[in-house]
Amino acid sequence: MKVLITGATSGFGKAIAEKFALPGNELWITGRRTERLDALQQDLQQNGIIVKTTGLDVRDKQSVNALAAAVEQEWHGVDVLVNNAGLALGANSIDEGDTEDWDDMIDTNIKGLLYVTRAIAPLMRRQRSGHIINIGSTAGKVVYQNGNVYCATKFAVDAISQSTRIDLLPHRIKVTSINPGMAETEFSLVRFKGDGAKAGQVYNGFEALRAEDIADTVYYCATLPPHVCINDLTITCTQQANSIYKAGN
Ligand code: NDP
Ligand code: 8X3
């Protein structure tokens, strides 16, 4: 299986790369922090896995198209695309939000995902197979206070997944949207701009999902028989019901 992953430098994306690092699979890992990509590549290659890396900011359309051209030249096709790169920035009331943060979230979570899909889907169409796995969120199912623009981007991912599935139906391309609840990755550290204490508080008092839980789920979806597609899957830790309802200890 040839697997292309965006945002593989930490959290879900890194765990997904590690999960798929099995004999017979080839990985193409991307993200902006290239030193992390190189370290992960070295780590996985020690086990004999072929891993390619590309420093990629999904907001940069030209870089995305260059990646797709390289993938076409070297792989000729892609079996699984995991559109994972994404982020939340800030958690403010709509009347107090930082519009720069809004731009970054919209450009990454919506437009970046679209650019990558637009560039890679034709390779799948040509081979008449493929699987696009979009990482959405419980925030794309139920909004929460101060989630406003982040939630909107994940609602957009939900809509894009649904319509991509319909558009690519004639080409035998699967589209799966995986919607995780709260998971302890670097997500909150990024959201709170490096404030570790604030980020840690988010997960205090309950056992959140781990990156490996999502990697296992992605792997399960990607290894079902060719005639089976999980369209939409919401996964939370046991102490969370949705974006709003959580149980403490
Ligand atoms: P992390 O912060 O640990 O990882 C985010 C990844 O996205 C990093 O590899 C980062 O790489 C990459 N990324 C961010 N911006 C860009 C960009 N412009 N171009 C390319 N890559 C980028 O968080 P998670 O692993 O938790 O997040 C992964 C996805 O899961 C996101 O889409 C997030 O919205 C979603 N999610 C997270 C949940 C959680 O609670 N953790 C729950 C539900 C969904 P780099 O900075 O090196 O570019
Ligand atoms: C991340 C989950 O609840 O922090 O998508 O928005 S949440």
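Everything below is about the structure shown above.
Residues numbered from 1 in each chain as written. Chains lettered and ligands numbered in written order. Predicted model: local features only at pLDDT ≥ 70, side-chain atom pairs only at ≥ 80, totals over all residues. Heavy atoms only, no water.

S.K.: Just to check I follow, could you spell out the environment of Val149 for this structure?
M.R.: Within the secondary structure, Val149 sits in helix 5 (residues 148-167). Separated by 65 residues in sequence, Val149 and Asn84 place their C-alpha atoms 18 Å apart. Look past the residues within four positions of Val149 in its chain and what remains in contact with it is Trp102, Met105 and Ile106. (Helix = DSSP H or I, 4+ residues; strand = E, 2+ residues; numbered from the N terminus. Contact = heavy atoms within 4.5 Å.)

S.K.: Can you help me understand the site of ligand 2 in this one?
M.R.: The environment of ligand 2 is made up of Ser137, Ala139, Tyr144, Tyr150, Met182, Phe187 and Arg191. At a separation of 2.5 Å, an oxygen atom of ligand 2 approaches a polar side-chain atom of Ser137. Tyr144 is positioned such that a nitrogen or oxygen atom in its side chain is 2.6 Å from an oxygen atom of ligand 2. Taken by itself ligand 2 offers 240 Å² of open surface, and the protein chains cover 87% of this. Per-class residue counts for the shell around ligand 2 are five nonpolar, one polar and one charged. (Near = heavy atom within 4 Å. Polar contact = N/O pair within 3.5 Å; in protein donor to acceptor, adjacent residues only side chain to side chain. Areas by Shrake-Rupley, 256 points an atom, 1.4 Å probe, with all protein chains shown as cover. Nonpolar A, V, L, I, M, F, W, Y, C, P; charged D, E, K, R; others polar.)

S.K.: What should I look at first to understand the sheet that holds strand 6 (residues 173-180) in this one?
M.R.: Adjacent strands of a sheet form backbone hydrogen bonds with each other and so pair up, either parallel or antiparallel. Strand order in the open sheet made by the seven strands is 3-2-1-4-5-6-7, with parallel pairing throughout. Of all strands in the sheet, those bounded by a partner on one side alone are strand 3 (50-55) and strand 7 (232-235). Pairwise comparison of adjacent strand axes, ignoring direction, gives a mean angle of 15 degrees for this sheet. With respect to the sheet, helix 1 (residues 11-20) is in contact with strand 1 (2-5), strand 2 (26-31), strand 4 (80-83), strand 5 (130-135) and strand 6, its orientation differing from that of strand 1 by roughly 170 degrees. (Pairing = 2+ DSSP bridges. Axes fitted to C-alpha atoms, helices over the stretch in contact; angles between N-to-C directions.)

S.K.: Help me understand the side chain of Asp158, please; the structure alone is not making it clear to me.
M.R.: With respect to the helices and strands, Asp158 occurs in helix 5. Taking the relative accessible area as the measure of exposure, Asp158 reaches 13% and is therefore buried. In terms of polar contacts, Asp158 uses its side chain to reach the side chain of Lys141, at 3.4 Å. Ignoring sequence-local partners within four residues, the contact set of Asp158 consists of Gly140, Lys141 and Asp232. (Buried < 20%, exposed > 50% of the residue type's maximum accessible area, 1.4 Å probe, protein only.)

S.K.: Explain the packing of helix 3 (residues 61-75) against helix 4 (residues 99-127) to me, please; I cannot follow it from the model alone.
M.R.: The interhelical angle for the contact between helix 3 and helix 4, taken along N-to-C directions, is 20 degrees, at an axis separation of 8 Å. The angle between helix 3 and helix 4 falls in the class roughly parallel. Note that helix 3 runs across helix 4; the crossing there is right-handed. Every residue of helix 4 that contacts helix 3 at Lys61, Val64, Asn65, Ala68, Val71 and Glu72 is listed here: Tyr115, Val116, Ala119, Ile120, Leu123 and Arg126. Across the contact of helix 3 with helix 4, the residue classes tally to eight nonpolar, one polar and three charged. (Parallel < 35°, antiparallel > 145°, perpendicular 65-115°, else oblique. Left-handed = near helix turned anticlockwise from the far one by under 90°.)

S.K.: Looking at this structure, how should I read the site of ligand 1?
M.R.: The environment of ligand 1 is made up of 30 residues, and the closest members are Thr9, Ser10, Arg32, Tyr150 and Thr185. With respect to ligand 1, the backbone of Ala183 contributes an N or O atom lying 2.9 Å from an oxygen atom. Protein contacts shield 96% of the accessible area of ligand 1, which totals 880 Å² for the unbound molecule. Listed by contribution, the elements that provide at least two residues to the shell around ligand 1 are helix 1, helix 5 and helix 6 (187-191).

S.K.: Would you take a moment to explain the side chain of Lys154 for this structure?
M.R.: Note that Lys154 resides in helix 5. Salt bridges are absent for the buried Lys154, whose nearest opposite-charge side chain, Asp158, sits at 11 Å. From its side chain, Lys154 meets the backbone oxygen of Ile135 in a polar contact 3.0 Å long. The contacts of Lys154, once residues within four sequence positions are left out, are Asn109, Ile135, Gly136, Ser137, Ala139 and Gly140. (Lys, Arg positive; Asp, Glu negative; His and termini not counted. Salt bridge = Lys/Arg side-chain N within 4 Å of Asp/Glu carboxyl O.)

S.K.: Even after reading the chapter, I still don't get the pairing of strand 3, so can you show me in this structure?
M.R.: Each regular strand shows side chains that alternate between the opposite faces of the sheet. Both strand 2 and strand 3 contribute to a ladder of six bridges, which runs parallel. Of the residues in strand 3, the one forming a bridge with Gly31 is Gly55. Crossover strand 2 to strand 3 through helix 2 (residues 34-45) is right-handed. (Right-handed = clockwise from strand over helix to strand, strands pointing away.)

S.K.: What is the right way to read the pattern of salt bridges from this model?
M.R.: Counted by the stated rule, this structure contains 13 salt bridges. Of the charged contacts, one joins Asp104 and Arg59 as a salt bridge, the two residues approaching to 3.0 Å between their closest N and O atoms. In this pair, Asp104 is assigned in helix 4 and Arg59 in the loop between strand 3 and helix 3, connecting sequence segments 45 residues apart. Note that Asp107 is salt-bridged to Lys111, the shortest N-O span being 3.6 Å. With Asp107 and Lys111 both in helix 4, this residue pair falls four residues apart, about one helical turn. You can call Lys111 partly exposed: its relative accessible area is 36%. A cluster of three or more residues bridged by salt bridges with shared partners is formed by Arg33, Arg36 and Glu186.

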